[in-house]
Amino acid sequence: MTRTFLRPLVAVGVFLFVAVGAQAQTVSPQQAQQLLQSRPDMLNQLRQRIGGSGLSPDQIRARLRAQGYPDNLLDSYLQGEGRGALGASPDATGAGSGAGAMGGGAAGAGAGAGAAGLGGNAMTPGSDVSQALRELGIADSSDFDFPGDTNRTRRLRGDSLITPFDSTLDSRIPTDARGRDGRRMTPYEQYLYLRTDSIQRDSGLKVFGMDLFSQRNASQFDANLAGPVDQSYRLGPGDRLVLILTGDVEQAYTLDVTREGFVVIPQVGQINVANLTLAQLEDLLYVRLGRSYSGIRRGANASTRFSISVARLRTNQIFVVGEVSRPGSYRVSAAGTALTALYAAGGPTMNGSLRSIQIRRNGRTVSTIDLYDYLTRGDASRDARLLNGDIIFVPVHSGRVRVLGEVNRPGTYEVGASGSLAEIVRAAGGLLPTAARSRIQIERLTAARDRTSPGSDRAVLDVAAGDGDDIPALALVNGDVIRVLKVADRVRNRVTLKGNVFTPGIVGLSKGMRLSDALRKAGGLKPDTYLGQVNITRLGSDSTRTQLRAVLADTMGNVVNDPILQEEDEIRVFGRSEFRPLRFVAITGAVRRTGKYPFREGMTIRDLVLEAGGLEESALLTEAEIARMPNTRLGGNTASTMRVPLDSSYLFERGRDGRYSGPPGMPGAASGTPDVQLQAYDNLLILRQPDWELQRTVFVGGEVKFPGSYTLVRKTERLNDVIRRAGGLTTEAYADGVNFSRRRNRVGRIGVDLPAVLKDAREQDNIILFDGDSISIPRYDAVVRVDGAVNSPTALPFVRGRDMQYYIRAAGGGRLDADLPRTYVTQPNGRVDAVSRRFLLPDGQPTPRPGAVVTVPKRDRTERQDNLAARTQIAAIIGTFAAVLASLATIVIQTR
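What you see is a predicted model, and the numbers here were worked out from it, not measured in a lab.

Quick word on the sheet that holds strand β16 (residues 458-463)
Pairing between the strands of a sheet comes from backbone hydrogen bonds, and it takes one of two forms, parallel or antiparallel. Pairing is mixed in the open sheet, where five strands are placed in the order β14-β13-β17-β15-β16. Two strands bound the open sheet, and with one partner strand each, they are β14 (411-414) and β16. Each neighbouring strand pair of the sheet contributes to a mean axis angle of 25 degrees, computed without reference to strand direction.

Here's what the structure looks like:
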């Protein structure tokens, strides 16, 4: 018994093995803990197997120690050892009230020290754990889909020799099903295909009915303690009754049933009630109370009436033994039934029977319960009410079969007393409409005496089912696998219509149907149908296809050579629009939406302008240009152009009075020029008015008398003109620090000599202004700023006549990484001055003006390395050249 228990116990909680290539790797306790944290159902299974093992907690701890595991690894799942964090936490934090979840030490000890409750963030099991579950038979490949299970993905894709499918699954894939490139499906593609097929809806490993006892609601089968009990309730010691008298006598009595089984009613005396039903007690009270109260009698003429009810139910001691999760003695309400006691004991184990649960009383079996009656038909008639001392015995199941495929509830079912195929199919919810009734496949283990040759361990039986519920009463044996196959996916007696019909799709084929009949069933032909040919693709018996043709007489569906259609014919009707090229016209220039537009017969320039959203304000309303496809392309011609007239009627945006409200410069009335028709592929150019543009504005700010945005009055307006319009400079203005920036083409700041411009308008810096220019005149700032690779970047007072080197020294000089030869000065007007290189003379140093910025750049280490490499190469070349010269000199000397 202990050895039998240890295998499944260790398989679930301890000895998890993973097949990786040819090596086996033992899974650590941490991995086992991850599994149990993420799978509460496996946790319940572990508890059931521990409870049904028959081993004491000390024996389990000893076996764990012998295998090198902590002896308290499974303490939280042992009967009577408290509740661990795993699965026992009432809140999201997973805190329990007992030993820790999985493992000893600080992580698993102390009250509320559970590692991770059901609401915690448990780690996802890896491929090793899920692979171990499959190999140990706890689940198959379709039960687990853990992220990160790379071994599983590799198997499904065919990268491993391990095949994740039954040998019979290939037969469930249609013969014409292929991969995306037409080849035979890989195992991974088969998996994806079958995943959507009904045969894979359930693996069938789930034992039917076991989840009835795995619910967390412990009061699921508790008797109703608050409501009244029925008349068949039998009284006993511990019950509390309430007797109420009304009429001539108004009195209420609370009556406790004594240990001896009687109650005492004032003025009436002692009455034995033990083992009486409420109905029997009521009959007895009519006799006993009638002796003391003359008004109590049956019938309408009674002047005194009474009622008797149970105010408190007693509890019975019930023993639940056998293959249950927690065998033992339980206190169950006297109104409770066998299901109440069974649920209190955690229900049957995986080895327990659901179909032959026995109620034993006084040494004999008084009732046998088949839970399938309750689960499949809601029949609880045999769920008897228990008496004190009753024994609920759950034997080992008599055998189980597995049902897969086209049934309502695939799963594993226990074989009952009859053990027939019909009974099991009914328990599985019956057959689905898609079930292939002609063949129900049963895979059966061959009897040991018949296994005479290798490979004869299993055999397959085919059974045919009739219509409706007519399932053969074939006897099943333990271990049978029943596969209800699906009907073929192929649809017969049909043809398919595609193309230019009103309702394309599948049309049912009738005997003698012709092409014209199918066209009428598809809603008829569209008016633009091409009559010259209809293609008919015919499928041959060898799956080859033949191309046939027919000619239409008219768009009414009449066919010249009207052929008779055959099954699986594909009919393709063409429309003339399919052969028509996509013709267009294009419009560019002064319109709101330039681009290409579909061409329509009779389309005019006005139509195209409307499609383009109308003209812009700059459009020229006297003429436009059309570029048309040339009649001949000799001489390299690609287009021919023509000018066409326009007028103000093309201005569609007008006021209520009909007058155009746009900017001036356009004609004010329509001249009635004729509209010009376009041809396919025409390019229409809407010309712009010469020199037309909206006003140009520039900003003048800072130290001028009238700062603001000024509109340029001429295209040739210059810098000094707009300064003059702004009232000139103020007395505090610093003209040499002007900030002139240009937004056009992202030019940025422009360095200009404003004092020279203001002195002489012919100065070259008196440039023409553009829209968006900005001119800012600062106040005088007698400071020079030093930035970059200096020891102390700072701002220094301006000293007249001092050059750049003076300010660098005043800022602490250059750093080690300073590139002093490349130092430059940004003058206050934006111009940049650099060091002037002079041959045989000292370099010219720029002189900063007030408001200037001296910038010392950092040395480019890459350039230094490049220079060093170049010098090395030059030195190598010179050395090689010198060696050659020396050799030549030696040869010359030797020849002399």
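Some points on the environment of F699
As for its position among the elements, F699 is in strand β28 (residues 696-702). Separated by 77 residues in sequence, F699 and S776 place their C-alpha atoms 8.0 Å apart.

Let's talk about unusual backbone geometry
The phi dihedral of N493 is positive, around 55 degrees, even though this residue is not glycine. Its location among the elements puts N493 in the loop between β17 (481-486) and β18 (494-499). Even without a glycine there, the phi angle at S543 is positive, about 70 degrees. When you line up the elements, S543 lands in the loop between β20 (529-539) and β21 (545-550). What makes S543 exposed here is its relative accessible area of 58%.

Notes on the sheet that holds strand β33 (residues 783-788)
One open sheet accounts for five strands, arranged β34-β33-β37-β35-β36; its pairing is mixed. This sheet does not close on itself; its edge strands, each paired only once, are β34 (794-797) and β36 (832-834). Here the average twist between neighbouring strands, direction ignored, is 25 degrees. Two strands pair when backbone bridges link them, and β33 and strand β37 (residues 853-856) are joined in this way by four bridges, in the parallel orientation.

So, the side chain of E443
In this fold, E443 is placed in strand β15 (residues 435-445). On the accessibility criterion, E443 (16% relative accessible area) is buried. Separated by 3.2 Å, the side chains of E443 and R458 make a polar contact. Side-chain polar atoms of E443 contact the side chain of R483, separated by 3.0 Å. When sequence neighbours within four positions are dropped, the list of residues in contact with E443 reads R458, A459, V460, G479, D480, V481 and R483.

Some thoughts on the pattern of salt bridges
By the definition in use, this model includes 44 salt bridges. Where R298 meets D283, a salt bridge forms, and the shortest distance between an N and an O atom there is 2.8 Å. In this pair, R298 sits in the loop between α8 (278-292) and β7 (304-312) while D283 sits in helix α8, placing the two residues 15 residues apart along the sequence. Relative accessible area serves as the criterion here: at 40%, D283 is assigned to the partly exposed category. The residue R355 makes a salt bridge to E423 at a minimum N-O spacing of 2.6 Å. Linking R355 in the loop between α9 (338-344) and β10 (357-361) with E423 in helix α11 (residues 421-427), this pair joins segments that are 68 residues apart in sequence. Of the two residues, R355 and E423, both sit in the buried class.

Focus on the pairing of strand β13 (residues 400-405)
One face of the sheet, then the other: side chains in a regular strand alternate in exactly this way. Summarising burial for β13: five of the six residues are buried, a large majority. Inspection of the sheet shows β13 paired to β14 by four bridges, in the antiparallel sense. Directly across from V403, in β14, lies its bridge partner G411. The hairpin turn running from β13 into β14, its antiparallel successor, is five residues long. With four bridges joining them, β13 and β17 adopt parallel strand pairing. If you follow V403 over to β17, its bridge partner there is I482.

Description of the nonpolar core
Among the nonpolar cores identified, the biggest contains 46 residues, and L342, I392, Y413 and I482 are the most heavily contacted of them. Residue contacts for Y413: discarding those within four places in its chain leaves F208, Y372, G399, R400, V401, V403, I424, A427 and A428. V268, I308, L313 and A335 belong to the second largest nonpolar core, which has 26 residues in total.

Quick look at a nonpolar patch on the surface
A grouping of F881, V884, L885, L888 and I891 is seen on the molecular surface, where their side chains present a nonpolar patch of about 470 Å² in accessible area. You can see V884 is positioned in helix α18 (residues 861-895). Classification of V884 by relative accessible area gives partly exposed; the value is 43%.

With respect to the pairing of strand β4 (residues 251-256)
Sheet topology places strand β3 (residues 240-247) next to β4; six bridges connect them, and they run antiparallel. Bridged to I244 within β4 is A252. Counting the residues between successive antiparallel strands, the hairpin from β3 to β4 contains three residues.

Examining the packing of aromatic side chains
Given two aromatic rings, their pairing is described by the distance between the two centres and the angle made by the two planes. A full pass over the atoms with the stated rule returns ten aromatic pairs. A centroid spacing of 5.5 Å and a plane angle of 80 degrees characterise the contact between Y530 and F579, whose relative ring orientation is edge-to-face. Of this pair, Y530 sits in strand β20 while F579 sits in helix α13 (residues 576-579), placing them 49 residues apart in sequence. Overall, the relative accessible area of 36% leaves Y530 in the partly exposed class. Here F579 falls in the partly exposed class, since its relative accessible area comes to 48%. Three or more aromatic residues joined by ring pairs form one cluster here, namely F208, Y372 and Y413. Above the ring of F393, the side-chain terminus of R360 is found at 4.6 Å from the ring centroid. Positioned above the aromatic ring of Y650 is the side chain of R606, whose terminal nitrogen or guanidinium carbon lies 4.4 Å from the ring centre.

Considerations on the confidence of the model for the chain
Low-pLDDT portions of the prediction should not be read for the details of their coordinates. Overall, the predicted model of the chain reaches an average pLDDT of 79, with 74% of residues at or above 70. Below a pLDDT of 50 lies the segment residues 1-27, which in the model reaches 64 contacts outside its immediate sequence neighbourhood of four places, other chains included.

A word on α8
For α8, which comprises 15 residues, the first-to-last C-alpha distance of 21 Å matches the rise-based estimate of 21 Å (1.5 Å per residue) to within 8%. The axis of α8 is deflected most strongly, by about 25 degrees, at L285. Where α8 is concerned, the buried positions are L278, L281, L285, R288 and L289. Those residues of α8 that are buried lie in contact with β3, β5 (262-265), β6 (269-272) and β7.

Regarding the environment of P846
Inspection of the secondary structure puts P846 in the loop between β36 and β37. Its relative accessible area of 8% is what places P846 among the buried residues. Taking the C-alpha atoms as reference, P846 lies 9.2 Å from R802; in sequence the two are 44 residues apart. In this structure P846 touches D803, M804, V825, D833, A834 and V835, once residues within four positions along its chain are discounted.

Scoring rules and cut-offs
Residues numbered from 1 in each chain as written. Predicted model: local features only at pLDDT ≥ 70, side-chain atom pairs only at ≥ 80, totals over all residues. Heavy atoms only, no water. Pairing = 2+ DSSP bridges. Helix = DSSP H or I, 4+ residues; strand = E, 2+ residues; numbered from the N terminus. Axes fitted to C-alpha atoms, helices over the stretch in contact; angles between N-to-C directions. Buried < 20%, exposed > 50% of the residue type's maximum accessible area, 1.4 Å probe, protein only. Polar contact = N/O pair within 3.5 Å; in protein donor to acceptor, adjacent residues only side chain to side chain. Contact = heavy atoms within 4.5 Å. Salt bridge = Lys/Arg side-chain N within 4 Å of Asp/Glu carboxyl O. Core = buried A, V, L, I, M, F, W, Y, C linked by side-chain atoms within 4.5 Å. Patch = residues over 30% accessible without salt bridge, like charges linked within 9 Å, V, L, I, M, F, W, Y side chains within 5 Å. Areas by Shrake-Rupley, 256 points an atom, 1.4 Å probe, with all protein chains shown as cover. Phe/Tyr/Trp six-rings, centres within 6.5 Å; stacked < 30°, edge-to-face > 60°. Lys NZ or Arg CZ within 6 Å of the ring centre and 35° of its normal. pLDDT = per-residue confidence, 0-100. Expected span 1.5 Å × (residues − 1). Bend = angle between axes of the 7 residues up to and from the residue.

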